[in-house]
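# Structure at a glance
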Amino acid sequence: GVLGAYLHTSRVKVIDGGYFPSEKFRGLAMDDVNSFLLLCEFFRWNFWASGLAIRTCTVLLMDQLKNAYTYAQILANAFLVNYVCSTDESFDEGEISERLEK
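If you're wondering where the values come from, they're calculated on a predicted model, not measured in any experiment.

The secondary structure content of the protein amounts to three helices and zero strands. Relative to its full complement of 102 residues, the protein shows a buried share of 7%. Surface summary for the protein: the accessible area is close to 9500 Å², and the carbon and sulfur share equals 61%.

What follows covers the side chain of Glu41. In this fold, Glu41 is placed in helix α1 (residues 35-47). You can call Glu41 buried: its relative accessible area is 8%. Non-local contacts of Glu41, meaning those with residues more than four positions away in its chain, are made with Pro21, Ser22, Lys24 and Phe25.

This structure, assessed with the given rule, holds three salt bridges. Two residues, Arg26 and Glu23, come together in a salt bridge whose shortest N-O distance is 2.5 Å. Classification of Glu23 by relative accessible area gives partly exposed; the value is 40%. Between Lys24 and Glu41 there is a salt bridge, with its nearest N and O atoms 3.7 Å apart.

A surface patch of nonpolar side chains, amounting to about 400 Å² of accessible area, comprises Phe36, Leu37, Leu39 and Phe43. Mapped onto the secondary structure, Leu39 falls in helix α1. Overall, Leu39 belongs to the partly exposed group, its relative accessible area being 40%.

Okay, the environment of Leu38 next. Relative to the helices and strands, Leu38 resides in helix α1. For Leu38, a relative accessible area of 22% puts it in the partly exposed group. When the C-alpha positions of Leu38 and Pro21 are compared, they lie 7.8 Å apart, and in sequence the two are 17 residues distant. Once you skip the residues sitting within four places of it in the chain, Leu38 turns out to touch Pro21, Phe25, Met30 and Val33.

Take α1 next. The first and last C-alpha atoms of α1 sit 18 Å apart over 13 residues, in line with the 18 Å expected at 1.5 Å per residue. Capping the start of α1, Asn34 holds a side-chain oxygen 3.0 Å from the backbone nitrogen of Phe36, two or three residues further along.

In this section: the confidence of the model for the protein. Mean pLDDT for the protein: 81, with 82% of residues reaching 70 or above. Mean pLDDT per element in the protein: helix α3 (residues 93-101) is the minimum at 64, and helix α2 (residues 52-84) is the maximum at 90.

What counts as what
Residues numbered from 1 in each chain as written. Predicted model: local features only at pLDDT ≥ 70, side-chain atom pairs only at ≥ 80, totals over all residues. Heavy atoms only, no water. Helix = DSSP H or I, 4+ residues; strand = E, 2+ residues; numbered from the N terminus. Buried < 20%, exposed > 50% of the residue type's maximum accessible area, 1.4 Å probe, protein only. Areas by Shrake-Rupley, 256 points an atom, 1.4 Å probe, with all protein chains shown as cover. Contact = heavy atoms within 4.5 Å. Salt bridge = Lys/Arg side-chain N within 4 Å of Asp/Glu carboxyl O. Patch = residues over 30% accessible without salt bridge, like charges linked within 9 Å, V, L, I, M, F, W, Y side chains within 5 Å. Expected span 1.5 Å × (residues − 1). Polar contact = N/O pair within 3.5 Å; in protein donor to acceptor, adjacent residues only side chain to side chain. pLDDT = per-residue confidence, 0-100.

Shown next as structure tokens:
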């Protein structure tokens with residue numbers, strides 16, 4: 001490909017001698033590294049970055065609230081259909097509470 005007029009050089013500043021994302025890949029050529037393992041190591045490195053772990057866990061927990069709400073709606077609808085809207089006159093309150101405990 002053709003680069004722009006000012007894109008022929010770049011500078012890199014090495015701040016430490018460590019390997020990115022971890023020392024697990026020290027001494028391996030880039031062609032020898034499994035890309036999935038490299039991605040997993042990047043996720044692990046990124047997760048433990050400053051303050052990111054607690055934020056990630058918070059988002060994952062908050063995302064489950066929608067699932068909990070949907071589950072509660074399903075239980076409430078099942079209760080309404082099975083007990084409240086039932087036309088069967090043979091149910092008494094004791095029988096309903098026994099079924100709920102199961």
